[in-house]
Amino acid sequence: YSKLTTLIMVNKLPANQHKNQMPAKGLKLRKYARKKPWCAKEDTMLAELVKTHGIKRWSVISSIMTNRSAKQCRERWKHQLDPNINNSVWSQDDEWALYLHHSIIGNKWTYLINFFPGRTDNSIKNHWNTQMRKRMAKYKTRLESAVKLCRSDEALFKKSFSSIECRLIEKISKSLLYKKNHVLS
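In this text the structure is predicted, and so the values were computed from the model without any measurement.

**Student:** Lay out the nonpolar core with the relevant residues and their values.
**Tutor:** Among the nonpolar cores identified, the biggest contains 24 residues, and Trp 96, Leu 98, Leu 143, Phe 161 and Ile 169 are the most heavily contacted of them. Within the residue set of this core, elements represented by two or more residues are α4 (92-105), α5 (109-112), α6 (121-152) and α8 (163-178). Per-element accounting of this core gives the leading share, 9 residues, to α6. Of all hydrophobic cores here, the second largest spans 9 residues; its members include Trp 38, Trp 58, Ile 61 and Trp 77.

Written as structure tokens, this is what we have:
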């Protein structure tokens, strides 16, 4: 067997045969794409095939691409190569907006994409789980001071934040009144 291709049994192995041994006679084998990093040549080829065949015919595209499954091709296009995707670095304003929306909506990544045009649900989830976890204390402190300002001085509050931020913070502030464990000092 080639090291470049992983072979998967379609039928189950007999009980006396170890999975690393040669298959018993009569068992069918199926080629399956091996997991490996994408190279620039494959990305270019995938982009050309998507132009030719469209974004619905992934099995046709994968049959032309060697060692790549339809799912791998679709995911690569959907999460990295689609020209409509915003792959820019997250700004502090974007992160603040993500923190506010996440405070209200939670982990509903497919719903959160409505507030971040060009970002995929996967990129929002990955950013939240990697980068935002490190900065959580900073944004929590900022939210707590914003809620205090919202409750004490409405005029200054409205000057300090955009109208969208004001609405989100007010909504969070109202929901915090009902949370027993949340303490705003």
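**Student:** I'd like a description of the confidence of the model for the chain, backed by residues and values.
**Tutor:** Here the chain shows a mean pLDDT of 81. Residues at 70 or above account for 76%. Across residues 1-13 the pLDDT falls below 50, and counting only partners more than four positions away or on other chains, this stretch makes 33 contacts in the model.

**Student:** Give me the lowdown on the packing of helix α1 (residues 40-53) against helix α3 (residues 70-81), citing residues and values where you can.
**Tutor:** With their axes 11 Å apart at the nearest point, α1 and α3 run at an angle of 95° to one another. Taken together, the axis directions place α1 and α3 in an arrangement best described as roughly perpendicular. Residues Asp 43, Leu 46, Ala 47 and Val 50 of α1 lie in contact with α3, whose contacting residues are Cys 73, Arg 76, Trp 77 and Leu 81. Among the residues forming the contact of α1 with α3, the class breakdown is 6 nonpolar, no polar and 2 charged.

**Student:** Outline the state of the cysteines, supporting the account with residue identities and numerical values.
**Tutor:** Note on terminology: disulfide describes a covalent bond linking the sulfur atoms of two cysteines. All told, the structure shown has 0 disulfides when counted by the stated rule. Cys 150 takes part in no disulfide bond, and the closest cysteine sulfur to it belongs to Cys 166, at a distance of 7.6 Å.

About the criteria used
- Residues numbered from 1 in each chain as written.
- Predicted model: local features only at pLDDT ≥ 70, side-chain atom pairs only at ≥ 80, totals over all residues.
- Heavy atoms only, no water.
- Core = buried A, V, L, I, M, F, W, Y, C linked by side-chain atoms within 4.5 Å.
- Buried < 20%, exposed > 50% of the residue type's maximum accessible area, 1.4 Å probe, protein only.
- Helix = DSSP H or I, 4+ residues; strand = E, 2+ residues; numbered from the N terminus.
- pLDDT = per-residue confidence, 0-100.
- Contact = heavy atoms within 4.5 Å.
- Axes fitted to C-alpha atoms, helices over the stretch in contact; angles between N-to-C directions.
- Parallel < 35°, antiparallel > 145°, perpendicular 65-115°, else oblique.
- Nonpolar A, V, L, I, M, F, W, Y, C, P; charged D, E, K, R; others polar.
- Disulfide = S-S within 2.5 Å.

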